[in-house]
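Results of the structural survey
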Amino acid sequence: MSPGERVPTLNGTFAGIAEQEALARLVAGDLRIEGRLADASNATMYAVVGGDEGDLACVYKPVTGERPLWDFPDATLARREVAAYAVSAATGWNVVPPTVFRDGPLGPGSVQLWLQQDGADPAGAEEVVLPAPGAGLIDIVGLRHVEPGWHTVLEAEDGGGRPVALVHADDLRLRHIAVLDVVLNNADRKGGHVLPGWSGAVHGVDHGLTFHCEPKLRTVLWGFAGSHLLAEEREVLGALAVDLEGALGELLQELLSVEEAVATLERVQRLLTVDRLPRPRGHRTIPWPPF
Ligand SMILES: Nc1ncnc2c1ncn2[C@@H]1O[C@H](COP(=O)(O)OP(=O)(O)OP(=O)(O)O)[C@@H](O)[C@H]1O
Ligand SMILES: [Mg+2]
């Protein structure tokens, strides 16, 4: 580690489980597939890691199940998931649930802690209950029902021709996700990729389409576009830049490529220089469908 570099603390809690404990169990547990997440476009598995402490639910995305994409190199999405967790962990914002890269029944892939519902025991449950998409902070509502203080991202018509708005709350937890997405260059921040945690926490999942060198930010969180960084965000991004010049940057080079690791540092530096969240540029800046 270079002089002055912060050591990320990794002392978050995700769905009632301490980050360090989750990481240890995800890495070392006996990984068993329980089912496939029906709507997912890649082979996204609902799984458990077994061990002395019992089963821990997780999402297993084997590299072999990745559908080829025109704009991202093949067989790289699982590592992007892990790299996104590493950057999130360095911010201390606890956005991305603990995620590791390891071997499993369908070969190597990403394994991420499942965000179980508050008080639920998913390992013993008959049916998998998905956390509420949008965490109550992102929604599609009738045009006349936009709540004061909420940001309208897009106005459109629903299937029946009624005017509707894609909206999100003016909420600090969503802002953290929006800032992180700029750093990650996230091309897939749908409402359904924002999920509730415990005690009011809000998390982000599905970070396979991140870290491309070209601008690809595609998000439903444009309500913060153009706003000045908050003092706390500047502080976190300043520390993140230091991390990216050291051990975190080296980790990203291993998981991604040298170019993508450098581009990540440059996005952080640009954010700090411009001191504002970017505005949408180009076409297809909102993921479709948005949930
Ligand atoms: N860590 C998690 N905890 C709880 N639920 C999760 C987690 N990760 C994903 N999910 C749920 O599983 C769904 C599918 O996961 P994800 O979006 O990561 O898969 P995907 O294969 O990339 O799907 P798609 O291409 O359809 O977006 C999510 O929309 C969410 O409802
Ligand atoms: Mg998804």
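Just so it is clear, the model here is predicted, and its values are computed rather than measured. Each chain carries its own residue numbering, running from 1 in the written order of its sequence. Chains carry letters and ligands carry numbers; both start at the beginning, A for chains and 1 for ligands, and go up in the order they are written. For this predicted model, a pLDDT threshold of at least 70 governs which residues receive local features, and a threshold of 80 or more governs which side-chain atom pairs are given and counted, while totals over whole chains, interfaces and linings are taken from all residues.

**What to know about the sheet that holds strand E6 (residues 99–102)**
- Note on pairing: DSSP must find at least two bridges between two strands before they are called paired. Only DSSP runs of H or I with at least four residues qualify as helices, and only runs of E with at least two residues qualify as strands; both kinds are numbered from the N terminus onward. One open sheet accounts for 5 strands, arranged E3-E4-E5-E7-E6; its pairing is antiparallel. Both outer strands of the open sheet, strand E3 (30–36) and E6, are each paired with one neighbouring strand and no more. With direction set aside, neighbouring strand axes in the sheet form an average angle of 35 degrees.
- By definition, residues are in contact whenever their C-beta atoms, placed on the basis of the backbone, come within 7 Å of each other. With axes taken as lines fitted to C-alpha atoms, and helix axes fitted only over the stretch in contact, angles between N-to-C directions fall between 0 and 180 degrees. Strands strand E4 (45–50), strand E5 (56–62), E6 and strand E7 (109–113) of the sheet are contacted by helix H1 (residues 19–28), whose axis makes an angle of about 20 degrees with E6.

**Remarks on the sheet that holds strand E8 (residues 138–142)**
- The strand order across the open sheet built from 3 strands is E8-E10-E9, with neighbouring strands paired in antiparallel fashion. Two strands close off the open sheet at either side, each with one partner strand: E8 and strand E9 (151–157). Sheet twist, expressed as the average angle between the axes of neighbouring strands with direction ignored, equals 25 degrees.
- With 5 bridges joining them, E8 and strand E10 (residues 163–168) adopt antiparallel strand pairing. In the sheet register, Asp139 faces E10, and the bridge partner there is Val167.

**Remarks on unusual backbone geometry**
- For the bond from Trp288 to Pro289, the omega torsion is -5 degrees, close enough to zero to count as cis.
- In this structure, Asp206 is a non-glycine residue whose phi angle is positive, near 65 degrees.

**A closer look at the nonpolar core**
- The term nonpolar core means buried Ala, Val, Leu, Ile, Met, Phe, Trp, Tyr and Cys residues held together as one set by C-beta atoms within 7 Å. Every C-beta atom is placed from the backbone, and the number of other C-beta atoms within 10 Å of a residue's own sets its class: buried at 20 or more, exposed at 12 or fewer, partly exposed in between. Core analysis: the biggest nonpolar cluster contains 73 residues, and Cys58, Ala83 and Leu113 have the highest contact counts within it.
- It is helix H2 (residues 77–91) that provides the largest number of residues to this core, a total of 9 residues.
- Non-local contacts of Leu113, meaning those with residues more than four positions away in its chain, are made with Phe14, Ala15, Ile17, Ala22, Leu26, Cys58, Pro97 and Pro98.

**Some details on helix H6 (residues 258–274)**
- Helix span, expected: 1.5 Å multiplied by one less than the number of residues in the helix. Compared with the 24 Å implied by 1.5 Å per residue over 17 residues, the 24 Å span of H6 between its first and last C-alpha is a close match.
- Those residues of H6 that sit buried are Glu260, Ala261, Thr264, Arg267, Val268 and Leu271. Within H6, the buried residues cover an arc of 115 degrees as seen down the axis, which keeps them to one side. The exposed set on the far side of H6, more than 90 degrees from its buried face, consists of Val258, Glu259, Thr273 and Val274.
- Buried residues belonging to H6 abut helix H3 (172–184), helix H4 (231–244) and helix H5 (247–255).
- Once H6 ends, the next one or two residues include Asp275, with phi positive near 65 degrees. This arc describes the spread of directions from the helix axis toward the C-beta atoms.

**Comments concerning the pairing of E4**
- Bridging between E3 and E4 involves 6 bridges; their strand directions are antiparallel. Bridge assignment links Ile33 to a residue of E4, and that residue is Ala47.
- Sheet analysis places E4 next to E5, joined by 5 bridges and oriented antiparallel. Bridging from a neighbouring strand, Met45 pairs with Tyr60 of E5.
- Remark: 5 residues form the turn of the hairpin made by E4 and E5, two consecutive strands paired antiparallel; Gly54 in that turn has positive phi of roughly 100 degrees.

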